[in-house]
Each structure stands twice: as C-alpha cells, then as structure tokens.
Amino acid sequence: MHVRRVPPLRDHVSDLPELANHLLRTTCERFGVRRKTLSDRALARLMAYDWRNNNVRELRNIIERLVIACDGPEIGEAHVPPEIAGRAGTGPEPGTARSFQELKAEAERRIVVQALERNDWHVTRTAKALGLADHASLLKIMRRLNLRRE
C-alpha cells in the first residue's frame, strides 16, 4: 500500500484561500447553518499567519471557531482569533464583555436548537444531521444546555 504524504500547509500557503473556503462551506453544512463567507481582511489574516508549526487540521479548527463566533453572513477580521490575527495578549476586543466560552456555549445552543427545529425535535434525526455518533450524544448535549421541547 502506497501512503501519500500531504505536504504541510506552510509549504502551500497559496492554496489557503481555496482550502479555507472549502472548509468553511463544509463546516456550515455540517453545523446546519447558513453559508458564510470570509472577508478579504479575514482571509489576509489567515494568509499572514506563520503556519510553520501548524497544519490543515488547525485551519479546520479555526474555521469551525469562526463559524461559531460569527452571527452574520460574512466572517470579518474581528472574528479571527487573536493568536492567528497577531493580537495575542491585547485583551478582549472593544465592546465584547463576554468570554469565548460564553460565546461558544451560546453558539452551540443556537446550532442545536435550529437543528432540532428543522427536524421537528426528532432527536435521532437531529443527531444524525449534526453528525453525532448517536441520539444519546445529542441527549447529553441537550441536558447540558438545559434544552427541552416546550
């Protein structure tokens, strides 16, 4: 069996725009949210990042964070995590009093509720639509988020 080596992202940064947009599209589909776009400035921040120690897996994780952090249809420069945007240690952005964990929990709740509503609160179908292993995983998330059908 021949194993093909995928080159590290640092060796093909010119592919980053196409790769980031592909990951953005598939992440939105997987989370069941409206398609989002990356602003030119957000993409420039991603392109300027030193990918020397990081790879496509980290880019995928960053794209997932961007989808969660951004409510609107366009992911802007302000949504790019500080460690990527070169703002590490500068503190929170002006006007953002909530922590990342609070924003993440709120986004997770919104994603789960929207998926449940799309599936008429059918837990098994919703779990499958969200790409979870089984309905028990979704039930655990629902308990943690204190979600119940009214």
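Above this note sits the structure.
The structure contained in this document is the topic of the report that follows.

**Looking at the overall build of the protein chain**
Consideration 1: Helix and strand counts for the protein chain come out as seven helices and two strands.
Consideration 2: For the protein chain, the sequential pattern of α-helices and β-strands runs α-β-α-α-β-α-α-α-α.
Consideration 3: Within the span of the protein chain, comprising 150 residues, buried residues form 33% of the whole.
Consideration 4: The contacts in the protein chain between residues at least 6 apart in sequence include a share of 63% that link residues at least 24 apart.
Consideration 5: About 10100 Å² of surface is accessible on the protein chain, with carbon and sulfur atoms providing 51% of the total.

**Concerning the side chain of T126**
Consideration 1: With respect to the secondary-structure elements, T126 resides in helix α6 (residues 123–129).
Consideration 2: The exposure class of T126 is buried, given its relative accessible area of 0%.
Consideration 3: Separated by 2.8 Å, the side chain of T126 and the backbone oxygen of H122 make a polar contact.
Consideration 4: Among residues more than four places away in sequence, those in contact with T126 are A115, L116, N119 and L138.

**So, the pattern of salt bridges**
Oppositely charged side chains can form a pair if their charged atoms are brought close together.
Consideration 1: One pass over the full model with this rule turns up seven salt bridges.
Consideration 2: Among the ionic pairs, R35 bridges to E29, the shortest N-O distance being 3.8 Å.
Consideration 3: Look at E29 and you get exposed, because its relative accessible area is 55%.
Consideration 4: A single network of salt bridges, built from pairs that share partners, joins R30, R60 and E64.

**A look at the packing of helix α1 (residues 16–31) against helix α3 (residues 56–69)**
Consideration 1: Closest axis-to-axis distance for the α1/α3 pair is 9 Å, and the angle between their directions is 55 degrees. Taken together, α1 and α3 sit at an angle that is classed as oblique. Remark: the crossing between α1 and α3 carries right-handed chirality. Mapping the contact onto sequence places L16, L19, A20, L23, L24, T27, C28, R30 and F31 in α1 and V56, L59, R60, I63, E64, V67 and I68 in α3.
Consideration 2: Of the residues assigned to the contact of α1 with α3, the class counts are twelve nonpolar, one polar and three charged.

**Regarding helix α7 (residues 135–144)**
Consideration 1: All of the buried residues in α7 are L138, I141 and M142. Looking down the long axis of α7, one finds its buried residues gathered within 100 degrees of arc, a one-sided arrangement. Set apart from the buried face of α7 by more than 90 degrees, the exposed residues are K140, R143 and R144.
Consideration 2: For α7, the elements touching its buried residues are α5 (100–118) and α6.
Consideration 3: Of the residues that open α7, the one with a side-chain oxygen 3.3 Å from the backbone nitrogen of A136 is D134.
Consideration 4: After α7 finishes, the residue N146 shows a positive phi value of roughly 55 degrees.

Cut-offs applied
Residues numbered from 1 in each chain as written. Predicted model: local features only at pLDDT ≥ 70, side-chain atom pairs only at ≥ 80, totals over all residues. Heavy atoms only, no water. Helix = DSSP H or I, 4+ residues; strand = E, 2+ residues; numbered from the N terminus. Buried < 20%, exposed > 50% of the residue type's maximum accessible area, 1.4 Å probe, protein only. Contact = heavy atoms within 4.5 Å. Areas by Shrake-Rupley, 256 points an atom, 1.4 Å probe, with all protein chains shown as cover. Polar contact = N/O pair within 3.5 Å; in protein donor to acceptor, adjacent residues only side chain to side chain. Salt bridge = Lys/Arg side-chain N within 4 Å of Asp/Glu carboxyl O. Axes fitted to C-alpha atoms, helices over the stretch in contact; angles between N-to-C directions. Parallel < 35°, antiparallel > 145°, perpendicular 65-115°, else oblique. Left-handed = near helix turned anticlockwise from the far one by under 90°. Nonpolar A, V, L, I, M, F, W, Y, C, P; charged D, E, K, R; others polar. Arc of directions from axis to C-beta.

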